[in-house]
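# Survey of secondary and tertiary structure
Here are the chains, one letter per residue:
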Amino acid sequence: MRELANVNGAICALEDAVIPAEDRGCLFGDGVYEVVRAYQGRLWGFRRHWKRFQRSLREIDLQPANLEEIRGWIEETYRSSQIPNATVYFHLTRGASPRSHAWSDPLNPSFFMSVRPFADRAIVAGVKVQSVPDLRWRRCDIKSLNLLPNVLAKQQARKLGAYEALLVDNQGNVTEGSSSAALAILDRTIVAPPQAPSILPSITREYVEEIAVALELAFQQRWLSLAEFRSAGEAFLAGTSDEVTGITHVDGQAVGSGEVGPWTREIQKAYRERIEQRRD
Ligand code: PDD
């Protein structure tokens, strides 16, 4: 087992990875990324992540000629790490050039990837979330490297003793977490925000929508105000890293019983089973 990196096709130990200082990812956040989990030696949901990655690239007008080769690098680097349960991060930036907002073609896009183990959480106790104004740009459907508002929101939540920030837009509606989707359950209905440019199309949420059918829960897309979200019977986060994590408190106020709700546990269980059965 080795923590590995891949920089433009070259695999190295993660601590030895070096990126040029004038990389536009570093100067401008000019690039897009994905976070994928691997379970028991296999990349989970990779096809879906790859599709979203390609969409993000198109949306920022970054079209590398060697996309298929990059896909091969990801698979090969993960295999070489021999880390069964891993978090795989990768990004592509518009490459390195003297700092100037506009770019001139042709550029040489720059790839970076890391593979690290993660500790498998057998029991998810549930988490507290803290509402924070959503100060992000209007294209959060693009998984861009510009994460400053997300980082600041998460930090603010942590300072206040919460695990995740619950982002609230100008209309007072809950958009998502700083690095997760946020869903509520009201009367046997999972409620998620409509797929809009103001939220990331979460892959874990997609799985939850599919699981809802099997559990005979309705799945509805509509905006929830912070007050509605807070007063839901159950609420949970969904994301590659958080999987399905129950929300016990919003702004210090208990959601439902103040413990992870029974439907949330069913969804967690079903998600885990899908992973074990490799049904991605
Ligand atoms: N975050 N919303 C935001 C803003 C996110 O950053 C993420 C994922 C999600 C959940 O998406 P998915 O189910 O596809 O992982 C929703 C990753 C894990 C991260 O930035 O670390």
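Our subject is the structure listed above.
What you see is a predicted model, and the numbers here were worked out from it, not measured in a lab.

## As for helix 7 (residues 262-276)
Residue pairs spaced three or four apart in an α-helix point in one direction, given the helix's 3.6 residues per turn. An ideal rise of 1.5 Å per residue puts 21 Å on 15 residues; helix 7 measures up with 21 Å between its terminal C-alpha atoms. Of the positions making up helix 7, those classed as buried are Thr264, Ile267, Gln268, Ala270, Tyr271, Arg274 and Ile275. An end-on view of helix 7 places all buried positions within 165° of arc, on one side of the element. Helix 7 presents Pro262 and Glu276 as exposed residues on the side facing more than 90 degrees away from its buried surface. One or two steps after helix 7, the chain reaches arginine 278, where phi turns positive at roughly 60°.

## Structural notes on the sheet that holds strand 2 (residues 10-13)
Ordered in space as 2-1-6-5-3-4, the six strands form an open sheet in which the pairing is antiparallel. Unpaired on one side and paired on the other, strand 2 and strand 4 (42-43) mark the two borders of the sheet. Of the pairings in the sheet, the one linking strand 3 (residues 31-39) to strand 5 (residues 86-93) comprises eight bridges and is antiparallel in character. Looking at strand 5, one finds that valine 36 is bridged to valine 88. Packing of helix 3 (residues 67-81) onto the sheet brings it into contact with strand 1 (4-7), strand 2, strand 3, strand 4, strand 5 and strand 6 (110-117), and relative to strand 6 it is tilted by some 25°.

## Observations regarding the packing of aromatic side chains
The geometry of two aromatic rings is summed up by the distance between their centres and the angle between their planes. Per the stated rule, a full pass over the model turns up 13 aromatic pairs. Ring geometry for tyrosine 89 and phenylalanine 112: centres 6.2 Å apart, planes at 50°, overall tilted. Residue tyrosine 89 is located in strand 5, and its partner phenylalanine 112 is located in strand 6; the two are separated by 23 residues in the primary sequence. Tyrosine 89 sits in the partly exposed class, given a relative accessible area of 22%. Look at phenylalanine 112 and you get buried, because its relative accessible area is 14%. Both rings, one in tyrosine 207 and one in tyrosine 271, keep their centres 5.8 Å apart while their planes meet at 50°; by these two values the pair is tilted. Of this pair, tyrosine 207 sits in helix 5 (residues 203-214) while tyrosine 271 sits in helix 7, and the two are 64 residues apart along the sequence. The burial state of tyrosine 207 is the same as that of tyrosine 271; both residues are buried. Geometry around tryptophan 103 places arginine 94 over its ring, the cationic atom sitting 3.6 Å from the centre. One Lys or Arg, lysine 154, reaches over the ring of tyrosine 163 and ends 5.6 Å from the middle of that ring.

Calculation rules
- Residues numbered from 1 in each chain as written.
- Predicted model: local features only at pLDDT ≥ 70, side-chain atom pairs only at ≥ 80, totals over all residues.
- Heavy atoms only, no water.
- Helix = DSSP H or I, 4+ residues; strand = E, 2+ residues; numbered from the N terminus.
- Expected span 1.5 Å × (residues − 1).
- Buried < 20%, exposed > 50% of the residue type's maximum accessible area, 1.4 Å probe, protein only.
- Arc of directions from axis to C-beta.
- Pairing = 2+ DSSP bridges.
- Contact = heavy atoms within 4.5 Å.
- Axes fitted to C-alpha atoms, helices over the stretch in contact; angles between N-to-C directions.
- Phe/Tyr/Trp six-rings, centres within 6.5 Å; stacked < 30°, edge-to-face > 60°.
- Lys NZ or Arg CZ within 6 Å of the ring centre and 35° of its normal.

Nothing here speaks to function; it is geometry throughout.
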